[in-house]
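Results of the structural survey
Each chain, letter by letter, is given below.
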Amino acid sequence: MRILACLMICLAAMSACSLPPAPPARTARPTHTPVVSTSATATFKLSGRTFEPLDPFEQNRALGRGVNLGNALEAPVEGEWGMVLQEEFFPLIRQAGFATVRVPIRWSAHAMREPPYTISPRFFQRVDWVIENALNNDLNVVINMHHYEELFRDASGERDRFLALWDQIATRYRDLPAEVVFEPLNEPHGTLTSGVWQRLFEDVLAVVRRTNPRRNVIFTGANWGGPDSLRGMKRPDDPHLIATFHYYLPFQFTHQGAEWVEGSNAWIGATWKGTGNQRAQIDYDLDQVARWAKDNGIPLWMGEFGSYGKYADIESRERWTRYVARAAEARGISWAYWEFGAGFGVYDRARRQWNEPILNALIAR
Ligand code: GLC
């Protein structure tokens, strides 16, 4: 017996030696970190909750007023951009009057670079936690794919990986209630021109439909998903879609001094007084996109809008936020503010209190 036990320990040690070496420590390019593969995606279930299809117009009304949990899971690693999601955020958001959280997620930094492109189980568990907390607090939750930079640089080279990532996400969350909505890609641009993105969206939709035949999915245009972008697109032939666009105009006002926008220091000091011309521009932009949605029989969601708070004066920010939110609502456009607790924040995490002018502007108090 002792000899047998010894032999088994030796064999175990030898096979351990033949395993591939542990993945290297994270570097500045975390997307190249290999992740141990699992054979098939496990399904995440929540007891007592099942999927009941929702009409997309009804679902879009329910999305109502929302907020983006930005700068957390779409950073290369959560926390790297100063934001780690906390359990207490979810009841705070609900109690303030929001109905929805949109969760920007950089899946591409947490999955194998090579087939089968397995998503890290640990990262999946983190997203499970976010979804569970949102649903437990009566919030709808939009799961997106954010900052897939390799795809923007090389749409054809990354196509299979993109589809495989969504295959895993859709499989894992197939049993969750309709309050969980999928958004395949944030702000397509680069090599994803309108035509290329149109085909890729139809391909990813087909992948999602294998496991989620009736879940509502968010459709967006190319060219960074701005208000003009949907006009270059053909509405896919699928009854469970909601269209989206992002609104940051005038960009010189909303992005003044934004470190990630070249030349934006020159805009510091830009105000938004709400003059007749300024209001007319917003009305015009929203009328155009609302008309596209109406002509195409699709509900419309403004998945991001907001202003960077480092330099812009708070009175201008409050006026702009209020005007855009009300103008959207007047056209039946639901929305999600960009974002909760970082540079555009409606919540001040350091002081643990709401940024009242922005919150009041959003929730119409
Ligand atoms: C887009 C970008 C995000 C940025 C935001 C405001 O969502 O993906 O990184 O913070 O717009 O500029």
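Residues numbered from 1 in each chain as written. Predicted model: local features only at pLDDT ≥ 70, side-chain atom pairs only at ≥ 80, totals over all residues. Heavy atoms only, no water.

1. Considerations on the overall build of the chain
Assigned secondary structure in the chain consists of eleven helices and ten strands. Going through the 365 residues of the chain one by one, you find that 53% of them count as buried. Partitioning the contacts of the chain with sequence separation of at least 6, the portion at a separation of at least 24 is 77%. With the model as given, the accessible surface of the chain reaches about 16400 Å², and the carbon-plus-sulfur share is 54%. (Helix = DSSP H or I, 4+ residues; strand = E, 2+ residues; numbered from the N terminus. Buried < 20%, exposed > 50% of the residue type's maximum accessible area, 1.4 Å probe, protein only. Contact = heavy atoms within 4.5 Å. Areas by Shrake-Rupley, 256 points an atom, 1.4 Å probe, with all protein chains shown as cover.)

2. Re the layout of surface pockets
Any empty space left between atoms is shown by rolling a water-sized probe over those atoms. Of the pockets and cavities examined, the largest pocket occupies roughly 880 Å³. When contributions to the lining of the largest pocket are tallied by element, the ones reaching two or more residues are α5 (149-153) and β6 (241-247). Considering only residue class, the lining of the largest pocket consists of 13 nonpolar, twelve polar and six charged. (1 Å grid on protein atoms, 1.4 Å probe; cavity = no way out; pocket = protein on both sides within 12 Å on 5 of 7 lines; lining within 4 Å. Points joined across faces, edges and corners; volume = space filled by probe spheres on them. Nonpolar A, V, L, I, M, F, W, Y, C, P; charged D, E, K, R; others polar.)

3. Here's the deal with the site of the ligand
Around the ligand lies a shell formed by H146, H147, N186, E187, Y248, H255, W260, E304, W338 and F344. At 2.9 Å from an oxygen atom of the ligand is found a side-chain nitrogen or oxygen belonging to H146. With respect to the ligand, the side chain of E304 contributes an N or O atom lying 2.7 Å from an oxygen atom. Judged by the proximity of its atoms to the pocket grid, the ligand belongs to the largest pocket. Residues belonging to the shell around the ligand are distributed by class as follows: four nonpolar, four polar and two charged. (Near = heavy atom within 4 Å. Polar contact = N/O pair within 3.5 Å; in protein donor to acceptor, adjacent residues only side chain to side chain. Sits in = over half its atoms within 2 Å of the grid points.)

4. Side note on the packing of aromatic side chains
Per the stated rule, a full pass over the model turns up 24 aromatic pairs. On the basis of an interplanar angle of 55 degrees and a centroid distance of 4.8 Å, the ring pair of F89 and F340 is categorised as tilted. In this pair, F89 sits in helix α3 (residues 89-96) while F340 sits in the loop between β8 (334-337) and β9 (347-348), placing the two residues 251 residues apart along the sequence. When sorted by exposure, F89 lands in the same class as F340, which is buried. A centroid spacing of 5.4 Å and a plane angle of 80 degrees characterise the contact between F305 and W335, whose relative ring orientation is edge-to-face. Here F305, found in strand β7 (residues 300-305), pairs with W335, found in strand β8; they are 30 residues apart in sequence, far enough to count as distant. Each member of the aromatic cluster is reached from another via a ring pair, and the members are F44, W107, F123, F124 and Y173. One residue, R126, lies across the ring of W129, its end atom 4.3 Å from the ring centre. (Phe/Tyr/Trp six-rings, centres within 6.5 Å; stacked < 30°, edge-to-face > 60°. Lys NZ or Arg CZ within 6 Å of the ring centre and 35° of its normal.)

5. Re the confidence of the model for the chain
Considering every residue of the chain, the mean pLDDT works out to 91; 89% of them sit at 70 or more. The lowest-confidence element of the chain is helix α1 (residues 2-18), averaging 37 in pLDDT; the highest-confidence one is strand β2 (residues 100-103), averaging 99. Contacts of residues 1-39 to residues separated by more than four positions or lying in other chains number 31 contacts, the stretch itself having pLDDT below 50. (pLDDT = per-residue confidence, 0-100.)

6. Considering the nonpolar core
With 97 residues, the main nonpolar core has W107, I143 and F162 as its most contacted residues. Setting aside anything within four residues of it in sequence, one finds F162 in contact with M145, Y148, L151, P184, L185, W197, L200 and V204. With seven residues, the next largest nonpolar core counts L63, V142, I242 and W301 among its residues. (Core = buried A, V, L, I, M, F, W, Y, C linked by side-chain atoms within 4.5 Å.)

7. As for α3
Among the residues of α3, those classed as buried are F89, F90, I93 and A96. In an axial view of α3, the angular spread of the buried residues amounts to 135 degrees, which keeps them on one side of the axis. Looking at the buried side of α3, the elements it contacts are β1 (65-68), β2, α4 (121-136), β10 (353-354) and α11 (356-363). Once α3 finishes, G97 follows within two positions and takes phi at roughly 115 degrees, a positive value. (Arc of directions from axis to C-beta.)

8. Concerning the pairing of β7
Among the six residues of β7, six are classified as buried, and the element is accordingly described as predominantly covered. Strand direction decides the pairing type here: β6 and β7, joined by five bridges, are parallel. Bridged to Y247 within β7 is F305. Where β7 lies against β8, two bridges are found, and the strand directions are parallel. Across the sheet, residue W301 finds its bridge partner in β8, namely S334. Remark: the β7/helix α10 (residues 314-330)/β8 crossover connection has right-handed handedness. (Pairing = 2+ DSSP bridges. Right-handed = clockwise from strand over helix to strand, strands pointing away.)

9. Observations concerning the environment of E78
You can see E78 is positioned in the loop between β1 and α3. Sequence separation between E78 and I105 is 27 residues; the distance between their C-alpha atoms is 9.6 Å. Apart from the residues lying within four places of it in its own chain, the contact partners of E78 are A72, L73, M83, V84, L85 and R126. At 2.7 Å, the side chain of E78 and the side chain of R126 are in polar contact.

10. Some remarks on the pairing of strand β5 (residues 217-220)
Residues V217 and F219 line one face of β5 and the alternating positions I218 and T220 line the opposite face, and both faces are buried. Two strands pair when backbone bridges link them, and β5 and β6 are joined in this way by four bridges, in the parallel orientation. Bridge pairing in β6 places I218 opposite I242.

11. Some remarks on the packing of helix α9 (residues 276-295) against α10
Orientation of α9 relative to α10, taken along the N-to-C sense of each, is 35 degrees, at an axis distance of 10 Å. The hand of the α9/α10 crossing is right-handed. Residue-level inspection shows R279, I282, D283 and L286 of α9 in contact with α10, the latter providing W320, Y323, V324, A327 and A328. A per-class count over the contact of α9 with α10 returns seven nonpolar, no polar and two charged. (Axes fitted to C-alpha atoms, helices over the stretch in contact; angles between N-to-C directions. Left-handed = near helix turned anticlockwise from the far one by under 90°.)

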